[in-house]
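For reference, the chains in residue letters:
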Amino acid sequence: MAASSPEAAQQQIDEIEALSSIYGEDWCVVDEDEKIYCIKIGDCLDQPKWTLCLQVILPPGYPTSEPPVYQLNAPWLRGQDYTELANSLEEIYIQNLGESILYLWVEKIREVLVEKAQSSNSEPDIKKTTEEVDEDCGNDFLLDYQPVQEDPVEILNYITSESQEDEELPMIHHGTPLTDRRSTFQAHLAPVVTPRQVKRVLEKLYENKKIASATHNIYAYRIYCEDKHTFLQDCEDDGETAAGGRLLHLMQILNVQNVLVVVSRWYGGILLGPDRFKHINNCARNILVEYNYVHSVEESSKPAGKNKKIRKDNKKRTEH
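The structure displayed is predicted, hence computed values, not measured ones.

Time to look at the pairing of strand E10 (residues 259–266). Counting buried positions along E10 gives 8 out of 8 residues, so the element sits mostly inside the fold. Neither face of E10 is exposed, since Val259, Val261, Val263 and Arg265 on one face and Leu260, Val262, Ser264 and Trp266 on the opposite face are all buried. Where strand E7 (residues 183–191) and E10 come together, 8 bridges link them in antiparallel fashion. Paired with Ala190 across the two strands is Leu260, which belongs to E10. Judged from the 7 bridges that link them, strand E8 (residues 216–225) and E10 form a sheet pairing that is antiparallel. Its bridge partner being in E10, Ala220 is matched across the sheet by Val261.

We now examine the packing of aromatic side chains. For the structure on display, the rule yields 4 aromatic pairs. The interplanar angle of 25 degrees and the centroid separation of 5.4 Å between the aromatic rings of Trp27 and Tyr37 together place this pair among those described as stacked. Highlighted residues: Trp27 in strand E1 (residues 27–31) and Tyr37 in strand E2 (residues 36–42), separated in sequence by 10 residues. For Trp27, a relative accessible area of 11% gives the class buried. Taking 5.1 Å as the distance between ring centres and 55 degrees as the angle between the ring planes, the aromatic pair formed by Tyr224 and Phe231 counts as tilted. Over the face of the ring belonging to Phe231 we find Arg222, whose NZ or CZ atom lies 3.9 Å from the ring centre.

A surface patch of nonpolar side chains, about 280 Å² in accessible area, is lined by Ile22, Tyr103 and Leu104. Structurally, Leu104 can be placed in helix H3 (residues 102–119). According to the relative accessible area criterion, Leu104 is partly exposed, its value standing at 35%.

Here the focus is the environment of Asp33. Mapped onto the secondary structure, Asp33 falls in the loop between E1 and E2. Assessed through its relative accessible area of 56%, Asp33 is described here as exposed. Excluding anything up to four places from it in sequence, Asp33 contacts Asn282 and Arg285.

This part covers the confidence of the model for the protein chain. Do not read the fine detail of predicted coordinates wherever pLDDT is low. Taken as a whole, the protein chain shows an average pLDDT of 76; of its residues, 75% reach a score of 70 or greater. Counted against residues more than four places away or in other chains, residues 126–165, with its pLDDT under 50, gives 99 contacts. Note on residues 297–320: pLDDT is under 50 here. Beyond four places in sequence and across chains, it has 53 contacts.

About the cut-offs
- Residues numbered from 1 in each chain as written.
- Predicted model: local features only at pLDDT ≥ 70, side-chain atom pairs only at ≥ 80, totals over all residues.
- Heavy atoms only, no water.
- Buried < 20%, exposed > 50% of the residue type's maximum accessible area, 1.4 Å probe, protein only.
- Helix = DSSP H or I, 4+ residues; strand = E, 2+ residues; numbered from the N terminus.
- Pairing = 2+ DSSP bridges.
- Phe/Tyr/Trp six-rings, centres within 6.5 Å; stacked < 30°, edge-to-face > 60°.
- Lys NZ or Arg CZ within 6 Å of the ring centre and 35° of its normal.
- Patch = residues over 30% accessible without salt bridge, like charges linked within 9 Å, V, L, I, M, F, W, Y side chains within 5 Å.
- Areas by Shrake-Rupley, 256 points an atom, 1.4 Å probe, with all protein chains shown as cover.
- Salt bridge = Lys/Arg side-chain N within 4 Å of Asp/Glu carboxyl O.
- Contact = heavy atoms within 4.5 Å.
- pLDDT = per-residue confidence, 0-100.

Quick look at the structure:
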């Protein structure tokens, strides 16, 4: 990884300020310390049918000597559509080496979405979910993949067979509580390798009266399936709109596996706005570091899953 230079650092600051000003509420800071940002992009209609979330991590050397790490998120984006869009972004980077490119990326994605909206009368092929009202901060950015709100334990029943033998309850660890304006946040972590273990850990946590009485118990887990070389993962907002998706997103970026993270929030009566998401992610990241799921700050800049770090050559790349 290239060392950060004053020039690169100032260019990042200038670019982020500009993007925040241009895109307003569609711009989201996922983790300011780790330079992780999201922007929701639509097809320019009053009520966009085609939308996509671009997530980027800015490494220390960006833009002078390193490309951003990026991820494209949309329920409809897969296969050829994903490959063509990813190739277009990489071409933009190669044509503008050493320059700030996030604005160019956003507008290229918007151009693709507008073309789709104009060339098709059909809606994107996605599963429709009920949109929730976030009374705490209604203008906050909502991640595309929000789970249907159900009981956090019952939501796992569909993937855990009753005929399975009970598995050993994993060790559950508890992080240091964080308090801001009378709201308290605390993370809990357990190693898991099956959905049944996730269910057992949640049941055990909810036996604790204090945890069960929390205003929200947000969780996310990632389990690596070696036989299929893929991840089984899911998240739960528990009423804190988009928090579960943000937590899962953080875990994907940190490239952690076989772990469940639950963050409890006890609401203190004062609205925190976007700060609540920062506290949730910070608690989660701290406990992952404490128990060696993340060994260094640099590790958080490694791509995971569909995250892609662009090479400066134009060789053919393979999606993992």
